[in-house]
Amino acid sequence: MTEKQNLETLQTPSAVFFIFGATGDLARRKLFPAIYSLYREGKLAEDFAVIGVARRPRTNEEFREDLHQSIIEFCRYKIGAEEDWNRFAEHFEYKSLDINNVAGFQELKEQTEVIETKYGIPGNRFFFLALAPELFGSVSLNLRAGGMMDGTGWNRLVIEKPFGYDLESARKLNAEINEVFKEDEIYRIDHYLGKEMVQNIEVIRFANAFFEPLWNNQHISNIQITLSETVGVEERGGYYDHSGALRDMGQNHMLQMLAMIAMEPPSRLLPEDIHDEKVKVLRSLRAYMTPEEVDKNVVRAQYGEGESKGKTLPGYRQEDKVDPASNTETYFAARLFVDNFRWSGVPFYIRTGKRLPVKTTEIIVEFKRTPTNVYLGQRHNLEPNLLVIRVNPMEGIYIKINAKKPGSDSEIQPLAMDFCQSCMIGINSPEAYESLIEDAAQGDSTYFTRWDEVSAAWSFIDHIADAWAQNPTDVKSYPAGSWGPDETHLLLQQDGYHWWPVNGQDEDDVIWQVGSSN
Ligand SMILES: NC(=O)C1=CN([C@@H]2O[C@H](COP(=O)(O)OP(=O)(O)OC[C@H]3O[C@@H](n4cnc5c(N)ncnc54)[C@H](OP(=O)(O)O)[C@@H]3O)[C@@H](O)[C@H]2O)C=CC1
Ligand SMILES: O=C1O[C@H](COP(=O)(O)O)[C@@H](O)[C@H](O)[C@H]1O
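Residues numbered from 1 in each chain as written. Chains lettered and ligands numbered in written order. Predicted model: local features only at pLDDT ≥ 70, side-chain atom pairs only at ≥ 80, totals over all residues. Heavy atoms only, no water.

> Got a minute to help me understand the overall build of the protein chain in this structure?
Of the regular secondary structure elements, the protein chain holds 14 helices and 17 strands. Radius of gyration (C-alpha) of the protein chain: 24 Å, near the 24 Å computed for a compact globule of 518 residues. With respect to the principal axes defined by its C-alpha atoms, the protein chain has extents near 80 × 50 × 50 Å. By residue count, 56% of the 518 residues in the protein chain fall in the buried class. Residue pairs in contact within the protein chain that sit at least 24 positions apart in sequence constitute 77% of those at least 6 positions apart. When the accessible surface of the protein chain is split by element, carbon and sulfur atoms take 50% of a total near 22600 Å². Side chains of the protein chain give 54 positive and 79 negative charges; the mean places of these two sets differ by 2 Å. (Helix = DSSP H or I, 4+ residues; strand = E, 2+ residues; numbered from the N terminus. Rg over C-alpha atoms; globule rule 2.2 N^0.38 Å. Buried < 20%, exposed > 50% of the residue type's maximum accessible area, 1.4 Å probe, protein only. Contact = heavy atoms within 4.5 Å. Areas by Shrake-Rupley, 256 points an atom, 1.4 Å probe, with all protein chains shown as cover. Lys, Arg positive; Asp, Glu negative; His and termini not counted. Charge placed at Lys NZ, Arg CZ, Asp CG, Glu CD.)

> Help me out: how do you make sense of the pattern of salt bridges in this one?
Two side chains carrying opposite charge are able to pair once their charged atoms lie near each other. On inspection of all chains with the given rule, the structure shows 36 salt bridges. Here Asp-276 makes a salt bridge to Arg-450, at a shortest N to O gap of 2.8 Å. One end of the pair, Asp-276, is in helix 10 (residues 271–284); the other, Arg-450, is in the loop between helix 12 (432–441) and helix 13 (451–470), and 174 residues separate them in sequence. The exposure class assigned to Arg-450 is buried, which follows from its relative accessible area of 12%. Measuring nitrogen to oxygen at the nearest pair gives 3.7 Å for the salt bridge that ties Lys-476 to Asp-474. For Asp-474, a relative accessible area of 29% translates into the label partly exposed. (Salt bridge = Lys/Arg side-chain N within 4 Å of Asp/Glu carboxyl O.)

> Got a minute to help me understand the UniProt feature "binding site: NADP(+)" (unreviewed entry) in the protein chain in this structure?
This chain's UniProt record puts "binding site: NADP(+)" (unreviewed entry) on Gly-21, Ala-22, Thr-23, Gly-24, Asp-25, Leu-26, Ala-27, Arg-28, Arg-55, Asp-98, Ile-99 and Lys-161. When only the residues just named are considered, the largest cavity is lined by Lys-161. Not counting the four nearest positions on each side in its chain, Leu-26 is found in contact with Leu-31, Phe-128, Ala-130, Glu-160 and Tyr-433. Relative to the helices and strands, Asp-98 is located in the loop between strand 3 (92–96) and helix 5 (102–119). Within polar-contact distance, the side chain of Asp-98 engages the backbone nitrogen of Asn-100 at 2.9 Å. (UniProt positions renumbered as here; feature names shortened; annotations may be inferred. 1 Å grid on protein atoms, 1.4 Å probe; cavity = no way out; pocket = protein on both sides within 12 Å on 5 of 7 lines; lining within 4 Å. Polar contact = N/O pair within 3.5 Å; in protein donor to acceptor, adjacent residues only side chain to side chain.)

> Before we go on, may I ask you to explain helix 2 (residues 25–40) in this structure?
Three- or four-residue spacings in an α-helix give side chains the same orientation, since the helix completes a turn every 3.6 residues. Its 16 residues place the ends of helix 2 22 Å apart at the C-alpha level, agreeing with the 22 Å of an ideal helix rising 1.5 Å per residue. Bending of helix 2 peaks at approximately 30° at the position of Leu-31, with proline Pro-33 no more than four residues after it. One or two residues past the end of helix 2 sits Gly-42, with phi positive at roughly 70°. (Expected span 1.5 Å × (residues − 1). Bend = angle between axes of the 7 residues up to and from the residue.)

Here it is as structure tokens:
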């Protein structure tokens, strides 16, 4: 039994949470709001403390004011009475230090010991690195050199993505961190694994009798995963231009969702068993070893100028901090194969891009058609059944089935049996970072990525990136606000399939949304 299962109904253990990068964007938009939500839901131990760490000077009061603003702007809970707020905020302190300066860590140690004594915290230390990845190794080494690892409780390290730029850099980073932290102390974040509906994949598959018998190449024709964004690169052009869509979204979120969909049922629900099953999927991905194979199965593109809702949108090369001659892809689509007994021959189509028409993440499982169409005589072309998992921002699942049109003698109509989790009154899904912080504090690594998963994902992605690097200018273009280049449709048409509309887009002629939550 894991620590998480023991503590399912209890609070996180008493600990000091260190947010390295406490003046940054991630802390402001995601981490502080998540901590406040956990507090409001009574999930944080009363004896908790947070020390925000970054270089710029801040008094504790100024830091608490930043915290206040962040909660007002980004948290799903509204701040209550002033005295309640003060009771929460007084648990927060700030320490200005440069990651590269060991002396700062020694001061941090003294500050930590004072706060641990004040709250009676038994030396548990939770280090969240909301920093540029180049700093991850130095933080680990200086935590040890500054005596921060000598507490009397546990130490846990939570690391943001990207975990490396390729397999080689990821290995180097992992080796640096491993000098200080053991694998079971490291929690590598993939925030998609913190999303309710991604966690629900496992339950939908393994807690229902009717999906698993069909979950294989005998009954499923293809699987489509779409992760589309309407935003451009915003203020992250410097990072993104070096990364691109394949590394930013493909290596992590998309392959993790694919692994959850394709993995074998674990014999137990312990974190190690789930990691074991996911890594088998990632290692079974058919590698594309030549540029020709990559060209045949993967499409990359960059957005040019376009428009959405009557507004002109700039092209990628005009974005802030982006090289005006950049060839970085802001979109990719791929046809992948998981070469094992269960999935042999079933294409997994994945696509992601910035500046697409809608913000949505959906997984669509398309089932094979009935062996014969007994309604053909009545000239009915039966649609294939679909299982659709809506991950983000709408959350829910629906199943598309064929049924008799009410009131007609013989008409058949596709309809959606729809469960919309995010539409239901009273359900206010926790943000991904809430559940991830809670899990890591409780020592549950299920929804984090183990090193062998990360390395298997990189070794698959590296083949594509290497092929692209041989021909850097061969990047298609698509207008901002469109669904990507035409070539993306050919990928599926060659196999006799098409992208299913997502999130109600392009569905003017689709009647099966009848009764759905759209
Ligand atoms: N923002 C987001 O939505 C997402 C971010 N991430 C990842 O999270 C990490 C942080 O991203 P983000 O918050 O956007 O980045 P920001 O650039 O906004 O913040 C970086 C933080 O690091 C601090 N910092 C930089 N250098 C040092 C140093 N030498 N010593 C101490 N502190 C330092 C900065 O503070 P100061 O200048 O005061 O030192 C700042 O608080 C990155 O790895 C990013 O890829 C991942 C997914 C989403
Ligand atoms: O990790 C990342 O994810 C976001 C998209 O996350 P979502 O939860 O809003 O769907 C993406 O915008 C960003 O480029 C990437 O680094």
